[in-house]
Amino acid sequence: MPLTLIVDIDGTLVDTNYHHAIAWQRAFRACGHQVPAWKIHRHVGMGGDQFVPALLGEEVDDDEGEALREGHGDAYMELIDEVEPLPGARGLLEELHDEDLIVVLASSAKQEEVDHYLDLLGARDLVTAWTTSADVEQTKPEPDLIKAAMEKAGGDGPWLVVGDSVWDARAATKAGVPTLGVLSGGFSEEELREAGAVAVVESVEAIRHDRSALDSLDS
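Anyway, here's the lowdown on the structure attached to this text.

About the criteria used
Residues numbered from 1 in each chain as written. Predicted model: local features only at pLDDT ≥ 70, side-chain atom pairs only at ≥ 80, totals over all residues. Heavy atoms only, no water. Salt bridge = Lys/Arg side-chain N within 4 Å of Asp/Glu carboxyl O. Helix = DSSP H or I, 4+ residues; strand = E, 2+ residues; numbered from the N terminus. Buried < 20%, exposed > 50% of the residue type's maximum accessible area, 1.4 Å probe, protein only. Polar contact = N/O pair within 3.5 Å; in protein donor to acceptor, adjacent residues only side chain to side chain. Pairing = 2+ DSSP bridges. Contact = heavy atoms within 4.5 Å. Axes fitted to C-alpha atoms, helices over the stretch in contact; angles between N-to-C directions. Phe/Tyr/Trp six-rings, centres within 6.5 Å; stacked < 30°, edge-to-face > 60°.

This part takes up the pattern of salt bridges. What the rule picks out here adds up to 15 salt bridges. Across the salt bridge formed by Arg 42 and Glu 191, the nearest N and O atoms sit 2.1 Å from each other. Taken as a pair, Arg 42 in the loop between α2 (37-41) and α3 (48-56) and Glu 191 in helix α9 (residues 189-195) lie far apart in primary sequence, 149 residues in all. Between Asp 61 and Arg 69 there is a salt bridge, with the nearest N and O atoms lying 2.9 Å from each other. Assessed through its relative accessible area of 19%, Arg 69 is described here as buried. One continuous salt-bridge network, built from bridges that share partners, spans Glu 95, Glu 99, Glu 205, Arg 208 and Arg 211.

Printed below as a string of structure tokens:
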């Protein structure tokens, strides 16, 4: 059976990771928390439910978590029009569609953000399904998102997650699914492999030019 691909959106198909880091920093600052941007970036890829306690602790999350997540959402929506697809993203989706592969786009972002990305990529007619925050209770690195995407894909696999962050790889590992890591999110090859990625490529564009990483996993 051919691979069923679960493809992360943020940082993998669209260039959002640093926009999210800036939005989180603005939200933290508005509530009186000074957090360096580099430290915020190291956690991009986590959902908001995991992000605040990971950086500021459970007590702050209990007291201010909702306000911080709302602040991040507002700040990010001010930046979202600056987001662009990563090179090769649309082309890869077209090629996978032409090969009749099942592709589910995986995101725990809000519906309005996912809709924006689907329109930006012109992806609605190219993929089997997609996820949003409504499909999960806990976000990455918990496996809920991967399992939701698997359910939307249907069938019995085999499965492959394509993602840019250590949180993608850790979530996929918990779900029992291998990960092909891409470097577009700002994490190193070593970090992605340590988190569970079985192979790493530079970008989704690289997958178009060299399908050996996919072929080696489709066996």
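Let's shift gears to the environment of Gly 155. You can see Gly 155 is positioned in the loop between α7 (144-153) and β4 (159-163). Here Gly 155 falls in the exposed class, since its relative accessible area comes to 63%. Sequence separation of Gly 155 and Leu 68 is 87 residues, and the distance between their C-alpha atoms is 39 Å.

Here Thr 139 is to be found in the loop between β3 (129-130) and α7. Polar contacts involving the side chain of Thr 139 include one to the main-chain amide nitrogen of Gly 47, which spans 3.1 Å.

On the basis of which strands lie adjacent, the open sheet formed by six strands has the order β3-β2-β1-β4-β5-β6 and parallel pairing. Lying at the two open borders of the sheet, with one neighbouring strand each, are β3 and β6 (197-201). With four bridges joining them, strand β5 (residues 179-182) and β6 adopt parallel strand pairing. In the strand pairing of β6, Thr 179 is matched with Ala 197. Sheet contacts for α7: β1 (4-8), β2 (103-106), β3 and β4; angle to β2, the most-contacted strand, approximately 150°. Set on the sheet, helix α8 (residues 166-174) makes contact with β1, β4, β5 and β6; between it and β5 the angle comes to about 180°.

Considering all chains together, one arrives at three aromatic pairs under this definition. Here the aromatic rings of Trp 24 and Phe 51 are separated by 4.4 Å at their centres, their planes lie at 5°, and the arrangement is stacked. Pair noted here: Trp 24 is in helix α1 (residues 17-30) and Phe 51 is in helix α3, with a separation of 27 residues, a long-range link. Summarising the burial analysis for this pair, Trp 24 and Phe 51 share the class buried. One aromatic cluster is present, formed by Trp 24, Phe 28 and Phe 51 through successive ring pairs.

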